[in-house]
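# Structure at a glance
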Amino acid sequence: MFISEAMAQAANTATTAQQGSLSGTLIQLGLIFLIFYVILIRPQQKRMKEHDALLASIKKGDRIITGGGIYGKVVKADDTPELVVEIADGVNITINRMTVRDVVNPMDNVPANSNKKAKSKK
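Residues numbered from 1 in each chain as written. Predicted model: local features only at pLDDT ≥ 70, side-chain atom pairs only at ≥ 80, totals over all residues. Heavy atoms only, no water.

## Focus: the confidence of the model for the protein
- Overall, the predicted model of the protein reaches an average pLDDT of 83, with 70% of residues at or above 70.
- Per-residue pLDDT, averaged within each element of the protein, yields its smallest value for strand 6 (residues 110-111) (60) and its largest for strand 4 (residues 91-96) (96). (pLDDT = per-residue confidence, 0-100. Helix = DSSP H or I, 4+ residues; strand = E, 2+ residues; numbered from the N terminus.)

## Some points on the environment of isoleucine 87
- Structurally, isoleucine 87 is set in strand 3 (residues 82-88).
- Owing to a relative accessible area of 36%, isoleucine 87 belongs among the partly exposed residues under this scheme.
- Measuring from C-alpha to C-alpha, the distance between isoleucine 87 and valine 74 comes to 8.9 Å, with 13 residues separating the pair along the chain. (Buried < 20%, exposed > 50% of the residue type's maximum accessible area, 1.4 Å probe, protein only.)

## Considerations on the nonpolar core
- Within the largest apolar cluster, 10 residues are counted, these being Leu54, Leu55, Ile58, Ile64, Val74, Leu83, Val85, Ile95, Val100 and Val103.
- Sorting the residues of this core by element identifies helix 1 (2-56), strand 3 and strand 5 (100-105) as the ones contributing at least two each.
- Excluding its chain neighbours within four sequence positions, the residues that come into contact with leucine 83 are Ile58, Val74, Lys76, Ala77, Ile93, Thr94, Ile95, Arg97 and Val100. (Core = buried A, V, L, I, M, F, W, Y, C linked by side-chain atoms within 4.5 Å. Contact = heavy atoms within 4.5 Å.)

## Structural notes on the environment of isoleucine 93
- Here isoleucine 93 is to be found in strand 4.
- Under the relative-accessibility criterion, isoleucine 93 is labelled partly exposed at 26%.
- Between the alpha carbons of isoleucine 93 and valine 74 there is a distance of 9.7 Å; along the sequence they are 19 residues apart.
- For isoleucine 93, the residues in contact, after removing those within four places along its chain, are Leu83, Val84, Val85 and Ile87.

Right under this line is the structure:
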């Protein structure tokens, strides 16, 4: 009589332990996904939105740098995905707007949205 009650209690506690570990695992996976979202995904989406706004704001006369490292001055900027850029006197190239990495401040050839402060020489 005592043995069958002990067996029933042992089976009941094993089932409860398995259910508890499943819910704990799901909570841990949810927390890991939340951490990845906050640390990796959300900042990347923010940078993409900023870059898209930068590309949309390019106008004639802006100095840009392409993804390949070519500096140039925008000669023609329509609503099309193409830009005509002057890279030297009389040398114009047509590039895709998506290849623009940054708009450059013409005063000091530093990217306009750079977070680094210019060092002043004393």
